[in-house]
Amino acid sequence: MGPPASLDLARVLLQVVVILAVSRALAPIARRLGQPAVVAEMVAGIVLGPSLLGWIAPPVSAWLFPPASLYGVRLLSQLGLVLFMFLVGLELDPKLLHGRGRTSIAVGIASLVVPLVLGIACAPWLHARYGAGSAFAPFALFLSAAASVTAFPVLARILSERHLLTTRVGAIAIACAAVDDVGAWCLVTLLLAAGRAPAWIDALRVAAVAIALVALMLFVLRPVLVRVVRRVERKGAIGAGAVTAVLFPLLLVAATSELLGVHALFGAFLVGAVLPKDGPLAEVLAEKLETITVGLLLPLFFAHSGLRTELALLDSRTDWLVTAAIVVLATGAKLGGSALVARASGWSWRDAGAVGILLNTRGLMGLIVLNVGLDLGVVSTTVFTMLVIMALVTTLATSPLLRWVFPDRAAIEERFVDAPPRATPPSAKALEIVLACVSDPRSGPALAAAAHALVGERAEGARVFGLHLAEPSDRASAELRRETRGAPPALTDFLATARGLALDARALAFVSSAPADDIVRIAEAKRAGAILLGGHEPWFFEGSFDGVVAQVVRRARTTVAVLVGAERAVPEGGFARILVADAGAVEDGVAVEIARRLGARAGTHVTCLAVGAGASARALPEAWSRERASQASPRDALLAMTASRSFDLVVLGLAAHWRLRSERAPFFARIGAPVLVVHDARALAASAEDEHAVRERPAEVSA
């Protein structure tokens, strides 16, 4: 008699908790290493399997993942794969081939055919050593399919994070991946026919069923789905009923294809491929299904794959050498074949190599193909383990190889440079181009007003770029849609305020896994005279200038202005009353120069609070008001001044005596107005050179 049903349910739920916890714990490590989240989930599956947990703690592994209890996880993971393959088909939009069909098809076919030929060529040798008990034809087809597949969703994520999705390299790569996925699943269909039907006449029958299913999808189901989609969209509201109207044929077709011997995944993929993509229903479906599929069900699939992967089976040097050879040959065939065809099409070696590297990403799609082969008994667990290593290594290698061949700077320049960069960085006064980074939509109006003030009287010739960086999403279709939309909602208020101030404001929005690096690179590409940031919201032991703000301040080679309190309402007349504090430091001099520019606009009055002897020597415009502080402490003097008088904006340099780098919200709240903290690394460098020259001059004279 088996264990109680409650115990079975409790064990499955505990397994799900452990799988999700390990996957989420490894995700930050993967991001830090420049890898997509899917890599963390692939590694998490192996960590929880016999290769690590079963080796380090066999009793724990045996209690948590006994073979008899894995049926529930397997069913949940299979449901996740059905939904995922539907989403993959949903993302395969024919518009991806628009304008680039010839090159995409040529490169895509090459990335399919070369691994196919190589897989068939290597199959006799591998089958003789590791294919005992399996037929040769399915074994050869399986090797070819595993070597030929490209992970379309992982590829979309990498392209989005590297800012390549809308470039020529990214557009061709994503189109080729679409061609690859269709071709690879045709190979999988042949594999299913050969694996599930040993007799050749039965194999032909299964293949004929697959062809009939494709025809049924195109000529019967698609017209029905078009009518359903149009009717749903006419009603305006897309709710649970509309989603169910699509899920019903999806699950029905998947079940039918499984019963007919093709595979549920093939049917789900077909339904997604034939569903109309040009309306809001497809977007809503992707958003609703991806959240549960990617967040919950796919990690279970990775764990189930990891539990079937046993590195201990590779128990000899020969096994590991064979595994290494499979990795090298699969990479050479996929990467080399597609790169050579792209080069023959007139591309540069850099661009051709980048396309080849991208198409060599196997990831999740590779694991799906591998699990299909193992379920059919086409390959042994040893070969399965070898090919899992191949899929993991080729996915891990994509990001570093791409960064080596196609550096981040080249990707930024190809997408964002408007004109050839200047020979030298713009001077501190050349602020006609401002890069305003908007992360919180509430700060948009204040940042637009600050950008308007920074460009001074030359607003009619100035240009302001509003930049919004989104965090990477685990949902591939979200990455694709994000790149094709207009300005994101986070920039709406910023753009409206900027245009109301007669500024030439333009939106930039994309996904970034390294925001500070991307901000600095785009500022250089756009030749911005200033980078404008919203203040960092402190978190636990952080200060207001930790995190991304601190990294930008440290790395930027131009003026950086941080607006703390940007969520405050902007006065109707803009920043008319400005206070700048000067305690004599070099950074205070930068603040005075910025205030000089802010005060050049008509109707603006600037007050300079002088603290200490060093401030009295600065020459100020006659229209300014000068106030001498009676307090010795710069912070006390500033708080006393803002307590006695009201200002629209306070300008401070990032000097040590203000103690701003570790400051939290209370100090800025007591000031009672937005604070613009400015920093200029070049001014500090120039001051350091001057001090060095003064120190060296006596030695030179005495010599």
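What you are looking at is a predicted structure, and each value in this text was computed from that prediction instead of being measured.

S.K.: Please clarify how the overall build of the protein chain should be interpreted in this entry.
M.R.: Each helix and strand in the protein chain was counted, giving 27 helices and 10 strands. In the protein chain, buried positions account for 54% of the 703 residues. Long-range contacts, defined here as pairs at least 24 residues apart, represent 81% of the contacts in the protein chain between residues at least 6 apart. As displayed, the protein chain offers around 30,000 Å² of accessible surface, 63% of which is attributable to carbon and sulfur atoms.

S.K.: It is not clear to me how the nonpolar core should be interpreted in this structure. Could you clarify?
M.R.: As a rule of thumb, nonpolar side chains are buried together in soluble globular proteins. In this structure, F86, I368, L370 and L387 are the most contacted members of the largest nonpolar core, which totals 126 residues. Per-element accounting of this core gives the leading share, 13 residues, to helix α13 (residues 280–307). The residues contacting L387, other than those within four sequence positions of it, are F142, L143, A146, I326 and L370. One finds V560, L609, F647 and W658 within the second-largest nonpolar core, a separate group that totals 44 residues.

S.K.: Quick question: what am I supposed to make of helix α16 (residues 363–375) here?
M.R.: Each α-helix turn comprises 3.6 residues. Residues three or four places apart therefore point the same way. End to end, α16 covers 19 Å across 13 residues, agreeing with the expected 18 Å (1.5 Å per residue, within 8%). With 12 of 13 residues buried, α16 lies mostly within the body of the structure. Listed as buried for α16 are G363, L364, M365, G366, L367, I368, V369, L370, N371, V372, G373 and L374. Of the residues one or two after α16, G377 is the one with positive phi, at around 75°.

S.K.: How should I be thinking about helix α23 (residues 547–555) in this particular structure?
M.R.: Of the residues making up α23, those classed as buried are V549, A550, V552 and V553. With its buried residues spanning 165° around the axis, α23 presents them on a single face. Among the structural elements, α22 (515–525), β4 (530–534), β5 (559–564) and β10 (675–679) are those in contact with the buried residues of α23.

S.K.: Looking at this structure, how should I read unusual backbone geometry?
M.R.: Leave glycine aside and you will find that most residues have negative phi; peptide bonds, for their part, are mostly trans. In this structure, R527 is a non-glycine residue whose phi angle is positive, near 55°. Assignment of secondary structure puts R527 in the loop between α22 and β4.

S.K.: How should the pattern of salt bridges be read in this particular structure?
M.R.: Side chains that differ in sign of charge can pair as their charged atoms come close. Going through the model one piece at a time under the given rule, you end up with 13 salt bridges. A salt bridge links D375 to R308, with the shortest nitrogen-to-oxygen separation between them at 2.5 Å. Of this pair, D375 sits in helix α16 while R308 sits in the loop between α13 and α14 (317–344), and the two are 67 residues apart along the sequence. Residue R308 is classed as buried on the basis of its relative accessible area of 19%.

S.K.: Even after reading the chapter, I still don't get the environment of A325, so can you show me in this structure?
M.R.: Within the secondary structure layout, A325 lies in helix α14. In this structure A325 comes out as partly exposed when scored by relative accessible area, which is 34%. It is 9.5 Å that separates the C-alpha atoms of A325 and M390, two residues lying 65 residues apart in sequence.

S.K.: Would you mind showing me how to read the sheet that holds strand β6 (residues 577–582) here?
M.R.: Within a sheet, adjacent strands bond to each other through the backbone by hydrogen bonds, running parallel or antiparallel. Overall, mixed pairing links the 10 strands, which are arranged β3-β2-β1-β4-β5-β10-β9-β6-β7-β8 in an open sheet. What marks the edges here is a single partner per strand, and that holds for β3 (504–511) and β8 (625–628). Across the sheet, the mean angle from the axis of one strand to that of its neighbour is 20°, orientation sign disregarded. Of the strands in this sheet, β1 (433–437), β2 (463–470) and β3 are in contact with helix α21 (residues 492–500), which crosses β3 at around 165°.

S.K.: I would appreciate a short explanation of the packing of aromatic side chains in the present structure.
M.R.: Any aromatic ring pair is given by two values, namely how distant the centres are and how the planes are angled relative to each other. Inspection of the entire model under this criterion finds one aromatic pair. If you follow R11 out to its NZ or CZ, it ends over the ring of W63, 5.7 Å from the centre.

Procedures and definitions
- Residues numbered from 1 in each chain as written.
- Predicted model: local features only at pLDDT ≥ 70, side-chain atom pairs only at ≥ 80, totals over all residues.
- Heavy atoms only, no water.
- Helix = DSSP H or I, 4+ residues; strand = E, 2+ residues; numbered from the N terminus.
- Buried < 20%, exposed > 50% of the residue type's maximum accessible area, 1.4 Å probe, protein only.
- Contact = heavy atoms within 4.5 Å.
- Areas by Shrake-Rupley, 256 points an atom, 1.4 Å probe, with all protein chains shown as cover.
- Core = buried A, V, L, I, M, F, W, Y, C linked by side-chain atoms within 4.5 Å.
- Expected span 1.5 Å × (residues − 1).
- Arc of directions from axis to C-beta.
- Salt bridge = Lys/Arg side-chain N within 4 Å of Asp/Glu carboxyl O.
- Pairing = 2+ DSSP bridges.
- Axes fitted to C-alpha atoms, helices over the stretch in contact; angles between N-to-C directions.
- Phe/Tyr/Trp six-rings, centres within 6.5 Å; stacked < 30°, edge-to-face > 60°.
- Lys NZ or Arg CZ within 6 Å of the ring centre and 35° of its normal.

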